[in-house]
Structures are given as C-alpha cells and as structure tokens.
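Here's the letter readout for the chains.
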Amino acid sequence: MATDGELEFTLDLKNRGVAALLGWLVPGVGHLYQGRTSKGIAIFLSVSLLFIFGLQLSGGKAVYCSFRSPDVRWQFIGQAFVGSAAIPAVVQNRVVRGQEADPASMIKPLMGGKFAPPIAGERRQWHADYHAYFQMGTLYTFVAGLLNMFAIFDAYCGPAVLYQELADDEEDDGEGDEEE
Amino acid sequence: MMSFLSLLILLGAGPGAMSGWEQVFYLIPLVLCTSLVYGATRHEDWKVITVEAIKVGTWLLLLTGCVFVVALILSFFN
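I will try to describe carefully the structure that is included in this document. Note that the coordinates shown come from a computational prediction; the quantities given were computed from them, not determined experimentally. (Residues numbered from 1 in each chain as written. Chains lettered and ligands numbered in written order. Predicted model: local features only at pLDDT ≥ 70, side-chain atom pairs only at ≥ 80, totals over all residues.)

1. A few points about the overall build of chain B
Counting its secondary structure elements, chain B contains three helices and zero strands. Its helices and strands taken in sequence order, chain B reads α-α-α from the N to the C terminus. Across the 78 residues in chain B, those meeting the buried criterion constitute 18%. (Helix = DSSP H or I, 4+ residues; strand = E, 2+ residues; numbered from the N terminus. Buried ≥ 20, exposed ≤ 12 C-beta atoms within 10 Å, placed from the backbone.)

Here's what the structure looks like:
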C-alpha cells in the first residue's frame, strides 16, 4: 500500500522490464500494461502530440540518425527515447551509409526517405526550405524523447516522489522507535 | 520602472521584429505537455499531479520570460 497526498492505493508495476520496453516502443503503453490507464493515456497524448507536431513542423526531416562528421546529430540521443521512431531511423542510417560506401550503387533510402539521414548537402536544403521550423521541430521531438525517458523511468520504478516520501517516512518511523 | 520596460519592449519590437511574434505561441504546447508529463512521472494521484504540473508550468514560463528579457536587453548592445 502506498500513499500519495491523502489518498491510498496499491501500485502493481507487474513486469517492470516489459513495461519499460513497451513504454519505449510506444509512449504510455507501458503504463497501460500496468493498468495505470489514465496516466498512460496522458503520457501517450502528450509525448505523441509533441513528437508528431515536431515532425510536422520540419516536414518529417527532424528525426534522423547520423553520427558521422560533419553531420553529428547529437539530438538523436534524446529523440531515440521514442523507440517507434528510433528503430526506423537507425535502420535508415545503416541502409544509406551502406549505399554511400558503395560508389556504384544509387542511394535509395527505404520508405520514401522517412527518418533517413541527409545525403550530400541535403541538410542545407532542408534549412533553406523550413527555416526556423527545422530547429523548432528538432526541439519538439528532442523534448518529447526526453519526456518519454521520464515516463519509461516511471514505468520501471514507479513515481519518483512517492517512493522518496515513503523512504523518508520509514526513516522517521525508525528514528521514532529508537527514541522510544 | 514600467515606462522603462515599455520602452524596452517597444524598441525591441520595432517594425520588422514583430513579424515573428506569433512564434511565441509554439511555446504553449511545449510547456503544457512538459509540465503534465513531468508531474505525472513524479506522482500517482491526479490532484497532486495537477498541482505539480501547474507549478512546473509556471516555473517554465517564468524562466523563459527571464531569458527573453535578458536576450531583449542584450539585443540593445548588439
């Protein structure tokens, strides 16, 4: 039994690993698996809204995986916490880089180039086409990924403050017992 | 004090600077979603989550406002 504010409830995190994995794949689904429905829906809507809105702002270009100089996409570290976008981005990276390594082959990313890294100066064109909206889309998707990191942590370990309060209460009880 | 701030805002806005003013509205979904998810990952009860989300949202807006004022003041020396 756990307490939060004045309410009491039981919190069954079920299989924490599965919940975290589901939460990584699709934001909020880990919470739905644990039966924390309202929270799962809130997380799903919030993170998905930010992520999709960010993608929309940047014409679907803001999320891609590339760690090769000069295009080191460090923002992908944050975006990768939304697994359903991170997996295709990593696959596209491997496909495009593999094709680039072979001079004879024509570079042809999968799925019409969605989540694919820019090819030979293409990124300059993206900036020219989308102006500040490319950066804005990057920010939105990056923040959405970081928020999902918190959500994954919550699915795996339970709410942060709740358990800290419980630990503090137990410490206080222990000190009280010693004094008696 | 108010007149000084009004002057800063008016001068900072200028004729061309206001063209991108509506971009500030992009902050709203970002602050709403961030505060809601942050609150939800720290508590389990929706009453407490709501209070936490309002607190975090207010802090985010205040912080952003402070950064805006600093950037505005710095822009006068540019």
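2. Thoughts on the environment of A:L32
All names here are of chain A. Residue position: L32 is located in helix 2 (residues 29-33). A tally of 20 C-beta atoms within 10 Å means that L32 is categorised as buried. Separated by 12 residues in the primary sequence, L32 and F44 place their C-alpha atoms 9.6 Å from one another.

3. Here's the deal with the nonpolar core
Ranked by size, the top nonpolar core spans 41 residues in total, and within it A:V47, A:A89, A:A144 and B:V37 carry the most contacts. Listed by contribution, the elements that provide at least two residues to this core are helix 1 (16-25), helix 2, helix 3 (37-57), helix 5 (83-101) and helix 7 (132-157) of chain A together with helix 2 (27-40) and helix 3 (46-76) of chain B. Of all the elements, helix 7 of chain A adds the most residues to this core, at nine residues. In this structure, A:A89 is in contact with A:V63, A:Y64, A:C65, A:F76 and A:F115, ignoring residues within four places of it in sequence. (Core = buried A, V, L, I, M, F, W, Y, C linked by C-beta atoms within 7 Å. Contact = placed C-beta atoms within 7 Å.)

4. Quick word on the packing of helix 3 of chain A against helix 7 of chain A
Helix-helix packing is described using two parameters, namely the angle between the two axes and the distance between the axes. All names here are of chain A. Closest axis-to-axis distance for the helix 3/helix 7 pair is 7 Å, and the angle between their directions is 160 degrees. Classed by the angle they form, the pair helix 3 and helix 7 counts as roughly antiparallel. Pair helix 3 / helix 7 crosses with left-handed handedness. Contact with helix 3, carried on its side by I43, S46, V47, L50, F51, F53, G54, L55 and L57, involves Y133, M136, G137, Y140, T141, V143, A144, L147, N148 and A151 of helix 7 and no other residues of that element. (Axes fitted to C-alpha atoms, helices over the stretch in contact; angles between N-to-C directions. Parallel < 35°, antiparallel > 145°, perpendicular 65-115°, else oblique. Left-handed = near helix turned anticlockwise from the far one by under 90°.)

5. Quick word on the packing of helix 3 of chain A against helix 2 of chain B
Where helix 3 of chain A meets helix 2 of chain B, the axes come as close as 10 Å, and the angle between the chain directions of the two elements is 150 degrees. In the packing of helix 3 of chain A onto helix 2 of chain B, the handedness of the crossing is left-handed. Residues A:K39, A:A42, A:I43, A:S46, A:V47, A:L49, A:L50 and A:F53 of helix 3 of chain A pack against B:P29, B:L30, B:C33, B:L36, B:V37 and B:A40 of helix 2 of chain B. Partitioned by chemical class, the residues of the contact of helix 3 of chain A with helix 2 of chain B number 12 nonpolar, one polar and one charged. (Nonpolar A, V, L, I, M, F, W, Y, C, P; charged D, E, K, R; others polar.)

6. Focus on the interface of chain B and chain A
Between chain B and chain A, the contact holds 17 residues from the first and 26 residues from the second. Looking at the side of chain B that touches chain A, the elements with two or more residues in it are helix 2 and helix 3 of chain B. Ranked by residues supplied to the side of chain B that touches chain A, first place goes to helix 2 of chain B with eight residues. Its residues assigned to classes, the side of chain B that touches chain A comprises 10 nonpolar, three polar and four charged.

7. Comments concerning helix 1 of chain A
Listed as buried for helix 1 of chain A are A:A19, A:L22, A:G23 and A:W24. In this structure, the buried residues of helix 1 of chain A make contact with helix 2, helix 5 and helix 7 of chain A.

8. Focus on the environment of A:V29
As for its position among the elements, A:V29 is in helix 2. In contact with A:V29, not counting residues within four places along its chain, are A:L22, A:G23 and A:G40.

9. Topic: helix 3 of chain A
Here helix 3 of chain A spans 30 Å end to end across 21 residues, near enough to the 30 Å set by a 1.5 Å rise per residue. Residues of helix 3 of chain A that are buried: A:K39, A:G40, A:A42, A:I43, A:S46, A:V47, A:L50, A:F51, A:G54, A:L55 and A:L57. Those residues of helix 3 of chain A that are buried are in contact with helix 2, helix 5 and helix 7 of chain A together with helix 2 of chain B. Just downstream of helix 3 of chain A, A:G59 is the residue with a positive phi angle, here 65 degrees. (Expected span 1.5 Å × (residues − 1).)

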